[in-house]
Amino acid sequence: MSTGHVFIATSLDGYIARPDGDIGWLLQRDAAGEDHGYADFIADKDVIVMGRGSFDKVRTFDTWPYDRPVLVLSRQLAGTQVEAALDGKVRFSNQSPREAMRALGEQGVRRVYVDGGQLVQSFLREGLIADMVITTVPVLIGAGRPLFGALERDLDLELLASRSFPSGLVQSTYRVLP
């Protein structure tokens, strides 16, 4: 079966976006020339799986940022046509996280980048995340879309690495324990 891996940023108070999905608070802190390790992270990922909220946000960017196939898990988008500019790059599915990972594994996919707050939460609840790289931005935004939600049980993590950047960002890598 495929393994899920997370690379995401959050405000110090735990939000990945404002209530309306705005991430300007994050983008304005992206220091030129400061390598946060995304290229190294994505290098061994075969596919990106994201939720509809992340997909909707990424579609607003000037250019499509991914060079890997993207699977969008969304009940609302499943069965709809992918826009022409993204044909062959994106596909929609209404599969559960477990079904999607099983299907990807059957296609030979080994490592999956899981992106989007609600989707990360779902994958965590189903035990489908192997590790997480979480970058904390030194800002309090007060309200928004949380990275983590309710869990049925505690989820133990092992800190593998932590580093800080001149811009004030702090990045921690965790392994999710069984």
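Structure first, text after, so check above.
Residues numbered from 1 in each chain as written. Predicted model: local features only at pLDDT ≥ 70, side-chain atom pairs only at ≥ 80, totals over all residues. Heavy atoms only, no water.

> Got a minute to help me understand the overall build of the protein in this structure?
Helix and strand counts for the protein stand at five helices and 10 strands. For the protein, the C-alpha radius of gyration of 16 Å lies close to 16 Å, the compact-globule estimate for 178 residues. Its C-alpha atoms put the protein at 40 × 40 × 30 Å along the principal axes. Per-residue burial for the protein yields a buried fraction of 43% across its 178 residues. Across the protein, the fraction of contacts at a sequence separation of at least 24, relative to all contacts at a separation of at least 6, is 66%. (Helix = DSSP H or I, 4+ residues; strand = E, 2+ residues; numbered from the N terminus. Rg over C-alpha atoms; globule rule 2.2 N^0.38 Å. Buried < 20%, exposed > 50% of the residue type's maximum accessible area, 1.4 Å probe, protein only. Contact = heavy atoms within 4.5 Å.)

> In this structure, what is going on with the packing of aromatic side chains? I would like to understand it.
A ring pair, where both rings are aromatic, is described by two values, the distance of the centres and the angle of the planes. According to the stated counting rule, one finds seven aromatic pairs in the structure shown. Taken together, a centroid distance of 5.6 Å and an interplanar angle of 70° make the contact between Phe7 and Tyr38 edge-to-face. In this pair, Phe7 sits in strand E1 (residues 3-11) while Tyr38 sits in helix H2 (residues 38-42), placing the two residues 31 residues apart along the sequence. For Phe7, a relative accessible area of 12% gives the class buried. (Phe/Tyr/Trp six-rings, centres within 6.5 Å; stacked < 30°, edge-to-face > 60°.)

> When you look at the nonpolar core in this model, what are you seeing that I'm missing?
As a rule of thumb, nonpolar side chains are buried together in soluble globular proteins. Counting 23 residues, the largest nonpolar core has Val49, Leu104, Val114, Phe123 and Ile129 as the members making the most contacts within it. If you list the elements that add at least two residues to this core, you get E1, strand E3 (47-51), strand E4 (70-73), helix H4 (97-106), strand E6 (111-115), helix H5 (117-125) and strand E7 (129-137). Tallying contributions element by element places H5 first for this core, with four residues. For Leu104, the contacting residues outside a window of four places in its chain are Ser2, Val47, Val49, Leu71, Arg91, Val109 and Val112. One finds Ile48, Phe55, Leu77 and Tyr113 within the second-largest nonpolar core, a separate group that totals 18 residues. (Core = buried A, V, L, I, M, F, W, Y, C linked by side-chain atoms within 4.5 Å.)

> What should I look at first to understand the environment of Tyr113 in this one?
Structurally, Tyr113 is set in strand E6. Along the primary structure Tyr113 and Arg68 are separated by 45 residues, whereas in three dimensions their C-alpha atoms are 9.8 Å apart. With sequence-adjacent residues up to four places away left out, Tyr113 is seen in contact with His5, Phe7, Tyr38, Phe41, Ile42, Lys45, Val47, Ile48 and Val49.

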